[in-house]
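Breakdown of the fold
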Amino acid sequence: FVIIFLTQNVYLNIETIDWDIHSYLVAAQDINNGNLPLEQQWESKGPVFFYLYNFLSNLSGKSYINFRIFNDLVLFVISLTFFSIQFQTSRRKLDSVLDTLFFVLLMSITWATLEYSELYSLLFIGFSYKIISNERKKVSFRDLFLSGVLISLSTLINQGTILFLFSFLIILFF
């Protein structure tokens, strides 16, 4: 978490270059007015994304800096999930730590800001993969259902994540 905090917060005092995050925050605030997402304005993201943005925005006291710090926590949970999946696959702790650090460092590049919908989708995709990839037990109907719900939530955040469904089907087939 210390590495995430140090690498992600270098640009807190600089206005962002792109307009995406700000427009998402504005669209998410419409929920506070009693509207459904996308009811009054159009954005290319799914409705669950705006509920997550609204929740984090309200939790942060509508402070952009606090909002960015809360996104660091989202990245931390994703990193822990990534580490867990990597360690389950390789059984080598050092490789898992280095792979996770590499991912965190890639996310610290200026244009890889944490507030994009793909990161939120990755949270649900990671949990879904973790559920169905447990090698110690046979995948049950409950596991498949929960994994499907998480993938569905992911597609309601960013529609492009439906592509991950194909990899999940391949995993289940083999």
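Above: the structure in question.
Residues numbered from 1 in each chain as written. Predicted model: local features only at pLDDT ≥ 70, side-chain atom pairs only at ≥ 80, totals over all residues. Heavy atoms only, no water.

1. Quick word on the overall build of the protein
Summing up its helical and strand segments, the protein has 8 helices and 0 strands in all. Along its sequence from the N terminus, the protein presents helices and strands in the succession α-α-α-α-α-α-α-α. A compact globule built from 174 residues should have a C-alpha radius of gyration of about 16 Å, and the protein, at 17 Å, falls within 12% of that. Each of the three principal axes of the protein carries a C-alpha extent, and together these read 45 × 35 × 25 Å. A total of 174 residues make up the protein; the buried ones form 40% of that total. Counting only carbon and sulfur atoms, one obtains 71% of the accessible surface of the protein, whose full area is about 10200 Å². Positive and negative charge centroids in the protein, built from 11 and 13 side chains respectively, lie 16 Å apart. (Helix = DSSP H or I, 4+ residues; strand = E, 2+ residues; numbered from the N terminus. Rg over C-alpha atoms; globule rule 2.2 N^0.38 Å. Buried < 20%, exposed > 50% of the residue type's maximum accessible area, 1.4 Å probe, protein only. Areas by Shrake-Rupley, 256 points an atom, 1.4 Å probe, with all protein chains shown as cover. Lys, Arg positive; Asp, Glu negative; His and termini not counted. Charge placed at Lys NZ, Arg CZ, Asp CG, Glu CD.)

2. Looking at the packing of aromatic side chains
Any two aromatic rings considered together are summarised by their centre-to-centre distance and by the angle between their planes. Tallied over the full model, the rule gives 12 aromatic pairs. Each ring, one from Phe 1 and one from Phe 76, has its centre 5.3 Å from the other, and the planes form 85°; the classification is edge-to-face. Here the residue Phe 1 occupies a position in the segment before helix 1 (2–8), and Phe 76 occupies one in helix 4 (residues 64–90), the gap between them amounting to 75 residues. The class of Phe 76 is partly exposed, set by a relative accessible area of 26%. (Phe/Tyr/Trp six-rings, centres within 6.5 Å; stacked < 30°, edge-to-face > 60°.)

3. Focus: the environment of Ile 132
Relative to the helices and strands, Ile 132 is located in helix 6 (residues 117–132). With relative accessibility at 5%, the residue Ile 132 sits in the buried group. In the structure, Ile 132 is positioned 36 residues away from Phe 168 in sequence and 8.6 Å away in space, judged by C-alpha atoms. In contact with Ile 132, other than residues within four places in its own chain, are Val 139, Asp 143, Leu 144, Ser 147, Phe 168, Ile 171 and Leu 172. (Contact = heavy atoms within 4.5 Å.)

4. Digging into unusual backbone geometry
One non-glycine residue, Lys 62, lies in the positive phi region at around 60°. Summarising the element assignment, Lys 62 is placed in the loop between helix 3 (47–59) and helix 4. At Arg 91, a position not held by glycine, the phi torsion is positive, near 60°. The residue Arg 91 is located in the loop between helix 4 and helix 5 (93–106) in this model. Residue classification places Arg 91 among the partly exposed positions, given a relative accessible area of 48%.

5. So, the pattern of salt bridges
The final tally for this structure, using the stated rule, is 2 salt bridges. Put simply, Arg 142 and Asp 143 hold a salt bridge, and the shortest N to O gap is 3.9 Å. Accessibility expressed as a relative area gives 56% for Arg 142, which makes it exposed. (Salt bridge = Lys/Arg side-chain N within 4 Å of Asp/Glu carboxyl O.)

Interpretation in functional terms is not warranted from these geometric data alone.
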